[in-house]
Amino acid sequence: MKQDLTCFLSGGPVSMRWLLLESLEYIEKVVALYPHAHLTVVTEWEEAATLAEFAGMDIEWHFGDCRRGKLPFPENSFDAVLAENLLTQAYEPYELLMDISRRLTDVGVLYGDFLNVRYIGVLEALQRGEFPVREKHLYAKTEMVRLLDDTLFKEIDFVPGDCDEHSEAEAAWEAAGYVNVNHELAVSRYLFRAACSTASVANLKGLYSPEVRRDLARILHRIEYDVRREENIARLRELCAREGIFPEYLHDFINEACCHREKVFRLISM
């Protein structure tokens, strides 16, 4: 079985800011799925900008090795980053992922892949005295979870990118005591989607501006900790009326933002 990163992409008319890092084969796929997207592409291959297949596309080109130094963009510049093979070749995976997370918005998403160090092909090579890890980075899925967690990603999904059919070799490694959850030993490459916010928080962030959400959180925390309570309850009601904050949204926001939720619910309902 083989699939690519488009398995995560639903497409649609939404206008999104995409950053593609050395992933030229995805340019046409992203444009087809998101025809109103603005693409920024970083590549070492300067000739790519002159290729006929990219003519007429809304692409901002940057040339250089994205594994070296910081990405040349302000923070919060992109809604999505797509980086195939980047972690395999990265010099400093942690630094690179942290740099990418800072370039994403607070509801942004990174799409990437990595080679599985627990793949039976890798294990068999190690038995023969071959060490592919000297040439490229390989990762266990648990290691990738920790790495993405440490670089501020909140919600992570994995799917097999390249996966062998169940084989006698896989069964033999299982019999030797190797854990094989979801046939992990048969997966040579994983694809992942890593979001900067959980789905519930992303929904909250998508409806109102950062300024409105910041004011709402500040007022709720003052109510929660009895800072000029009556004044801030009045400010909350005024903010909700002015910005059209509906009760269901306020309820979910309190659940995400406040520690003493029942207290806040009781105070604002008085």
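Each remark here, short or long, concerns the structure printed above.
What counts as what
- Residues numbered from 1 in each chain as written.
- Predicted model: local features only at pLDDT ≥ 70, side-chain atom pairs only at ≥ 80, totals over all residues.
- Heavy atoms only, no water.
- Helix = DSSP H or I, 4+ residues; strand = E, 2+ residues; numbered from the N terminus.
- Buried < 20%, exposed > 50% of the residue type's maximum accessible area, 1.4 Å probe, protein only.
- Contact = heavy atoms within 4.5 Å.
- Areas by Shrake-Rupley, 256 points an atom, 1.4 Å probe, with all protein chains shown as cover.
- Lys, Arg positive; Asp, Glu negative; His and termini not counted.
- Charge placed at Lys NZ, Arg CZ, Asp CG, Glu CD.
- Core = buried A, V, L, I, M, F, W, Y, C linked by side-chain atoms within 4.5 Å.
- Phe/Tyr/Trp six-rings, centres within 6.5 Å; stacked < 30°, edge-to-face > 60°.
- Salt bridge = Lys/Arg side-chain N within 4 Å of Asp/Glu carboxyl O.

Chemist: Sorry if this is basic, but what is going on with the overall build of the protein here?
Modeler: When its secondary structure is counted, the protein shows 11 helices and seven strands. Dimensions of the protein, computed from C-alpha atoms along their principal axes, come out at roughly 75 × 55 × 30 Å. Burial status across the protein gives 44% buried among its 270 residues. Within the protein, counting contacts between residues at least 6 apart in sequence, those at least 24 apart form 67% of the total. Only carbon and sulfur atoms are counted for the fraction: they give 52% of the accessible area of the protein, which is about 14,200 Å². Computed over 30 positive and 46 negative side-chain charges, the inter-centroid distance for the protein is 9 Å.

Chemist: Whenever I open this one, the nonpolar core confuses me. Can you help?
Modeler: As a rule of thumb, nonpolar side chains are buried together in soluble globular proteins. Ranked by internal contacts, the top residues of the largest apolar core, which has 31 residues, are L19, L21, V81, I100, L104, L110 and L148. Those elements that provide at least two residues to this core are β1 (17-21), β4 (78-83), α2 (86-89), α3 (93-103), β5 (104-115), α5 (141-150), β6 (155-163) and β7 (187-195). Ranked by the residues each element gives to this core, the list is headed by β7, at four residues. Beyond its immediate stretch of four places on either side in the chain, L148 contacts L97, F153, I156, F192 and A194. With 25 residues, the next largest nonpolar core counts F8, M16, F54 and A195 among its residues.

Chemist: Just checking my understanding: could you explain the packing of aromatic side chains for this structure?
Modeler: Note on aromatic pairs: each is described by the distance of the centres and the angle between the planes. Under the criterion given, the structure shown has 15 aromatic pairs. Here the aromatic rings of W18 and Y34 are separated by 5.4 Å at their centres, their planes lie at 45°, and the arrangement is tilted. With W18 in strand β1 and Y34 in the loop between α1 (27-33) and β2 (38-43), this pair connects stretches of sequence that are 16 residues apart. The pair W18 / Y34 is uniform in exposure class, with both members buried. With a centroid separation of 6.3 Å and 40° between ring planes, the pair formed by F114 and F192 is classed as tilted. With F114 in strand β5 and F192 in strand β7, this pair connects stretches of sequence that are 78 residues apart. By relative accessible area, F192 is classed as buried at 1%.

Chemist: Quick question: what am I supposed to make of the side chain of N232 here?
Modeler: If you trace the backbone, N232 turns up in helix α9 (residues 229-243). Using a relative accessible area of 0% as the deciding quantity, one classes N232 as buried.

Chemist: Please clarify how the pattern of salt bridges should be interpreted in this entry.
Modeler: One side chain can pair with another of opposite charge once the charged atoms of both are near each other. Evaluated as defined, the whole model comprises 20 salt bridges. Two residues, R17 and D79, come together in a salt bridge whose shortest N-O distance is 3.3 Å. Placement of R17 in strand β1 and of D79 in strand β4 is noted, with a sequence separation of 62 residues between them. Taking the relative accessible area as the measure of exposure, D79 reaches 22% and is therefore partly exposed. Residue D99 is joined to R103 by a salt bridge in which the shortest nitrogen-to-oxygen separation is 2.9 Å.

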